[in-house]
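Coordinate analysis (summary)
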Amino acid sequence: MSSSIERQSNPTAWAAFWFALAGLVLMPIPLFIGLILGGALSIVAAILAVIGLLKGLARGGKGIAPVVFAAIFIALTWGGISVGGGTVW
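Residues numbered from 1 in each chain as written. Predicted model: local features only at pLDDT ≥ 70, side-chain atom pairs only at ≥ 80, totals over all residues. Heavy atoms only, no water.

1. Overview of the packing of aromatic side chains
Taken as a whole and assessed by the stated rule, the structure comprises three aromatic pairs. Seen from their ring centres, Trp14 and Phe17 are 5.5 Å apart, and the 75 degrees between their planes marks the pair as edge-to-face. Separated by three residues within a single helix, Trp14 and Phe17 lie in helix H1 (residues 11-26), roughly one turn from each other. Judged by its relative accessible area of 41%, Trp14 is partly exposed. Summarising the aromatic geometry, the rings of Phe17 and Phe73 are spaced 5.5 Å apart at their centres and angled 50 degrees between planes, so their arrangement reads as tilted. (Phe/Tyr/Trp six-rings, centres within 6.5 Å; stacked < 30°, edge-to-face > 60°. Helix = DSSP H or I, 4+ residues; strand = E, 2+ residues; numbered from the N terminus. Buried < 20%, exposed > 50% of the residue type's maximum accessible area, 1.4 Å probe, protein only.)

Structure follows, in structure tokens:
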């Protein structure tokens, strides 16, 4: 039984979204815990976002919405870290 229904989701983009969201949530934890956890998760999310974006563009732009939100979360995380988030608040 073969189906010609094309998958609409982009699992790599969704992984980038969830990693970026977790990095944003964990970034404000003080005493460098948030810096390490949030920063590491946002770096992983950035790598996954690039891969998800390339996969989405190869499929005609389908499934890149989570990548856009992941990029926003990554920018917010890096912006928070640059003003002292995760160190001492």
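There is more to say, and it comes next.
2. Considering H1
The terminal C-alpha atoms of H1, which comprises 16 residues, lie 22 Å apart, in line with the 22 Å expected from a rise of 1.5 Å per residue. The complete set of buried residues in H1 reads Thr12, Ala13, Ala16, Phe17, Ala20 and Gly23. Projection of H1 onto a plane perpendicular to its axis shows the buried side chains occupying an angular sector of 145 degrees, all on one side. Away from the buried face of H1 by more than 90 degrees, exposed residues Trp18 and Val25 are located. (Expected span 1.5 Å × (residues − 1). Arc of directions from axis to C-beta.)

3. Digging into a nonpolar patch on the surface
Together, Ile29, Leu31, Ile33 and Leu37 make up an exposed nonpolar region whose accessible area comes to about 340 Å². Take Ile33: it is sitting in helix H2 (residues 33-58). Using a relative accessible area of 42% as the deciding quantity, one classes Ile33 as partly exposed. (Patch = residues over 30% accessible without salt bridge, like charges linked within 9 Å, V, L, I, M, F, W, Y side chains within 5 Å. Areas by Shrake-Rupley, 256 points an atom, 1.4 Å probe, with all protein chains shown as cover. Salt bridge = Lys/Arg side-chain N within 4 Å of Asp/Glu carboxyl O.)

4. Some remarks on the side chain of Thr12
Considering the arrangement of structural elements, one finds Thr12 in helix H1. With a relative accessible area of 12%, Thr12 lands in the buried category. Among the polar contacts made by the side chain of Thr12, one reaches the side chain of Lys55 at a distance of 3.2 Å. When residues no more than four places from it in sequence are discounted, the contact partners of Thr12 are Leu48, Ile51, Gly52 and Lys55. (Polar contact = N/O pair within 3.5 Å; in protein donor to acceptor, adjacent residues only side chain to side chain. Contact = heavy atoms within 4.5 Å.)

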